[in-house]
Amino acid sequence: MAEELIKDYDMSAGSLREFRTYLVHDIKKRIQDVEKKLKFWHAVLKDLDQRKSKVSSVQSVERDIRDFVSRLQNVFETYVNEFQRRRGRSIIGKFKFIRMADLDVKEINMQIRMTSFDLNFVRELSRTEDQSANENPETEIRRKLRRSIFDSGENDIVVKDPTLKTLESALLDRKDGVILICGREGTGKTALAHKLFSSPSVQSHFYICSAVEIGPEFAVRNVLQSILAQLPQGREKIEQPDITVETVAEHFKEYGKDLRYLFVLDDIRSQDDWNHLRRIFPQNQKGSKLMLTTRSADIVFSVNEDGLDEPDGLDELDEPDGLDEPDELDEPKVFFHVMRRLSPSYSVELFHKTTFSRDPYAAEFDSLEDQVLKYCRGLPSAIVAVREVLAKKSTSHEWQRVLGDIKILINRGLPVEQIVSQKSISDLIFGDIPYHLKPCFLYLGLFPKGSKIEVEHLYLQWMAEGMISRNDCQENETTMDLSERYLSDLVQRKIVEVEEEEEETPQRKYKSCQVHRHMKNHCLQKGEEYLFKVLDNRSSDSLSLTTSTARGMALHLGKEDDRSSVDQLENEKVDHLRSLLLLSLQDLPVKFEWPQRMFNLKKYRMLRILYFERVDFQKRGLPRGMKWPIYLRYLSFKGCTLGVLPSSIGGLSFLETLDLRVSSEIIIPNVLRKLGKLVYLYLPLEFKTPNNDKLDLKSLKEIEILENFHTGMCNVADLFKMMKLRHLSTTVEGNLEDLKQIVSCMGMTSANTSLSIKVQNLDCYTEERHSVFRELLRCQILHTLHMDGHLGQIPPHYEITTRLTEMVLIGSQLKEDPMTTLDKLPELQVLVLQNDAFDGKKMVCAESSFTKLKRLELSTLRFLETWEVEEGSLPVLSIVAVKNCRKLQILPDELRNRVPQITFEIVSELISKDGLKLKKSGPGSFLTISSFSQSIVFHLVLHI
């Protein structure tokens, strides 16, 4: 967005004027009008976000705009939803929700009028703030540190260098040339150049002496004006609008060709900048000099094309790949000097060039000082920056916090010098987050501190909130994939921590996430600006919005007798609330019992997300008015206790996600078939219908994810209608025909679909049954298989899908060693053999087999006596569980030698201290963790 967006809003075009959609009878035109306004104001918000860290005057305006943009989004979605509900009829009648949206438009118009005055004020104020507004924060910090060094006379420490006299002699010789001072950021290049430039002998030697800062943002006109100002008759041309490098070079050639000059070009960052400027300065054979400072190896070699050998110390510069060494010439014109880091003694001397307010005799400060200087790594600018901050801190706790901030900066690849910024470290990190990711990050603040957020449902909530757009998807990328890409970006920025899935799948990489502990408080505070609010009377972090209505709200439910948070929710203004999360904390021993004085959902008409977690509705039922939030897109009762799902759920026709994974059996009325827009359906493990009929799901043609589809309670034939299915988790209860239909249906799906199937109580003694099992194994979309029943044998590996990641065999009674087949499955990560899945005595894991297996469980294999693991087998195995294999005499040496990389879960009565051999003592004896090697991590589960 152009910078003029704030300064030069086109008032005449109506960008800021009110709009009167309620006078337009065609709903299509209303939708177009509101959509146009939304695009404009989103662009304004994006521009303000980019300027916010530079111009403080726009912050309050930004929040006001964000408030009415959220409301405007609700209006837009209301018009679109009502248009869809009335099946495309365009002429508006007397519909209640449209009338309410029209009232909202009138209020939004009032906010727009007020905002237009504020923007005019910002436009006027920005004229006086242009210089600071356009100032690069890095440049501002760098200048502040330089002033600190120059004003305090600390150059003597920063540039203590035996070659200083040599540099000065090179400046004063009678040859034209370049003095190039190079080194890492913060090593004191500018301080050295300043000391040389300020020397009286240097000042008297040159007719023209001038220093120009280039910096990361090369302002060409400013640099050219600075150069012209030093030349005879140059000031007359400074204000010319067509000033160029060529005009300055011509002027220099005409008026400065006979003058000995010294120009310092400080902090040149790119070779293009140097190539742009070098044409200005003539070689006049008067002993003129250019003094450059740079951190870039590109500049070094570019300057050195006509100069000396490669200087020592370039390995510390910002060096690109594939640089060729320059040719050596007889007549050197370039003098190099590479800056070094300060020695430990000079670092301490520079650090103590200030007066600290701490107790000089407190021993703990010495250790903290050593740690601080270690992280400064001998860089003068870092030492000065940290020193200035610590000079105002008097307690060891304050010093430790500064040390923690330094570590955060280093971990995120930011310079330590930013510690002097007026902003907090958290502000700097948040300001660096891209505009589109900020709402996604702040949404995480709605969840309790320390809680692990299930990423799949986080993605679904981001989508329901409108934070994820299909327009931003790359080719062949789904909105779930896009959500994961967004989360990965937040993880790379080290502001969100994740727990990865134990078994890698093509669908998801992460299992859960949470805000990094250093950013949690900041996430809560910034969330208020973005209209997210947390109600939690048990915590001091509970926020209170005072001027704006909330967009998203979370209620953290405490003990059963704590009703204050719920009462507070009753008093909140929630007319425009889009997300409501009611979360019972995971560390509570019992679920939160819903209070008798329940709130009514009738006034929550704009809700898009309603999320209940671990709430007990058994006695008092759900809140009243479940039918009123008709635009609801996400509804979850995960972990709740709920006896009966109300039939009014069938009226939520815009619902896209429904999570019914309650903690106990639930009665589901046969109304889910009415939810035609449903995309993600999570059924409970145990449920029934009022008449014990099977659940009718055949009208759900948009379903992409279907969890806990039980063939005993659902019609398998309904799956054939779900042509968009991407993931199916199903249980087949001993019915061969159901299994046949599922295998047939899965053969018709796309290659991107995944199947997780649990087959219970299905013995395959006959060829017909075994052939169905073999056909299931060949299914290319099969990722997880739990098979409970007799098999006798498994087919060869080339008849099993290569995409299988998890296999559980229970009671299979295999006669041959299954490892000789399963070890060739390239993606297998979890293998469980349970309850006589193998009837043999010996099992062998061959060399270099099971390349991706992470977890292996052998449970109740009554006949297993010997287990061999050859060298190189199971290279990434992390968990081994051996339970109730009573004849197994010793665990393989190959696994015991890999402690502590492998965690053992052992259930046995006979374990010794010397390498997990079986004891010969009587029943009931066992080994405790403490009696084994301290380097081994054990989870002992003991059955006595």
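If you're wondering where the values come from, they're calculated on a predicted model, not measured in any experiment. (Residues numbered from 1 in each chain as written. Predicted model: local features only at pLDDT ≥ 70, side-chain atom pairs only at ≥ 80, totals over all residues. Heavy atoms only, no water.)

Mind showing me how you'd approach the nonpolar core here?
When a protein is soluble and globular, its nonpolar side chains tend to lie buried together. Counting 109 residues, the largest nonpolar core has Phe-637, Leu-672 and Trp-867 as its most contacted members. When sequence neighbours within four positions are dropped, the list of residues in contact with Phe-637 reads Phe-612, Phe-617, Leu-622, Met-626, Leu-642, Leu-645, Asp-659, Leu-660, Arg-661 and Val-662. (Core = buried A, V, L, I, M, F, W, Y, C linked by side-chain atoms within 4.5 Å. Buried < 20%, exposed > 50% of the residue type's maximum accessible area, 1.4 Å probe, protein only. Contact = heavy atoms within 4.5 Å.)

Explain the packing of helix H20 (residues 455-465) against helix H21 (residues 479-492) here, please?
Helices that pack against each other are described as a pair by the angle of their axes relative to one another and the distance between those axes. Running from N to C, H20 and H21 point in directions that differ by 105°, and their axes come no closer than 10 Å. With respect to H21, the axis of H20 lies roughly perpendicular. Where H20 approaches H21, its residues Val-455, Glu-456, Tyr-459, Leu-460, Trp-462 and Met-463 are matched on the opposing element by Thr-479, Met-480, Ser-483, Glu-484, Tyr-486, Leu-487 and Leu-490. Classifying every residue of the contact of H20 with H21 gives nine nonpolar, two polar and two charged. (Axes fitted to C-alpha atoms, helices over the stretch in contact; angles between N-to-C directions. Helix = DSSP H or I, 4+ residues; strand = E, 2+ residues; numbered from the N terminus. Parallel < 35°, antiparallel > 145°, perpendicular 65-115°, else oblique. Nonpolar A, V, L, I, M, F, W, Y, C, P; charged D, E, K, R; others polar.)

Looking at this model, I keep getting lost on the sheet that holds strand E2 (residues 208-213). Mind explaining?
Pairing between the strands of a sheet comes from backbone hydrogen bonds, and it takes one of two forms, parallel or antiparallel. An order of E2-E3-E4-E1-E5 is seen for the five strands of this open sheet, with the pairing classed as parallel. In the strand order of this sheet, the two ends are held by E2 and strand E5 (334-338), each with one partner. Direction aside, neighbouring strands of the sheet carry axes that sit 15° apart on average. Judged from the six bridges that link them, strand E1 (residues 177-182) and strand E4 (residues 289-294) form a sheet pairing that is parallel. Residue pairing for E4: Ile-181 is matched across the bridge by Thr-293. (Pairing = 2+ DSSP bridges.)

Just to check I follow, could you spell out the packing of helix H14 (residues 344-351) against helix H16 (residues 380-390) for this structure?
Two elements in contact, H14 and H16, have axes whose closest approach is 9 Å; the angle formed by their N-to-C orientations is 35°. Considering only the axes of H14 and H16, their crossing is right-handed. From H14, Ser-347, Leu-350 and Phe-351 reach across to H16, where they touch Pro-380, Ile-383, Val-384, Arg-387 and Leu-390. A per-class count over the contact of H14 with H16 returns six nonpolar, one polar and one charged. (Left-handed = near helix turned anticlockwise from the far one by under 90°.)

Sorry if this is basic, but what is going on with the sheet that holds strand E7 (residues 496-500) here?
Spatial strand order, E6-E8-E7: three strands in an open sheet with antiparallel pairing. Two strands in the sheet have a free side with no partner beyond their single neighbour: strand E6 (453-454) and E7. Here five bridges tie E7 to strand E8 (residues 510-515), and the two strands are oriented antiparallel to one another. Looking at the pairing, Glu-497 lines up with Gln-514 of E8. Across the sheet, H21 lies against E7 and E8, angled at about 120° from E7, the strand it touches most.

In this structure, what is going on with the environment of Asp-659? I would like to understand it.
Checked against the element boundaries, Asp-659 lands in strand E16 (residues 657-659). What Asp-659 contacts, discounting residues up to four positions off in sequence, is His-457, Leu-635, Ser-636, Phe-637, Lys-638 and Tyr-682.

Which parts of the structure should I look at to understand the pattern of salt bridges?
Between side chains of opposite charge, pairing is possible as soon as their charged atoms come close. In the structure shown here, the tally under the stated rule is 32 salt bridges. Linking Arg-295 and Glu-185 is a salt bridge whose minimum nitrogen-to-oxygen distance equals 3.4 Å. In this pair, Arg-295 sits in the loop between E4 and helix H13 (297-303) while Glu-185 sits in the loop between E1 and helix H8 (189-198), placing the two residues 110 residues apart along the sequence. Relative accessible area serves as the criterion here: at 11%, Arg-295 is assigned to the buried category. A relative accessible area of 31% places Glu-185 in the partly exposed class. Connected through salt bridges with shared partners, the residues Glu-77, Glu-465, Arg-551, Arg-578 and Arg-608 form a single ionic network. (Salt bridge = Lys/Arg side-chain N within 4 Å of Asp/Glu carboxyl O.)

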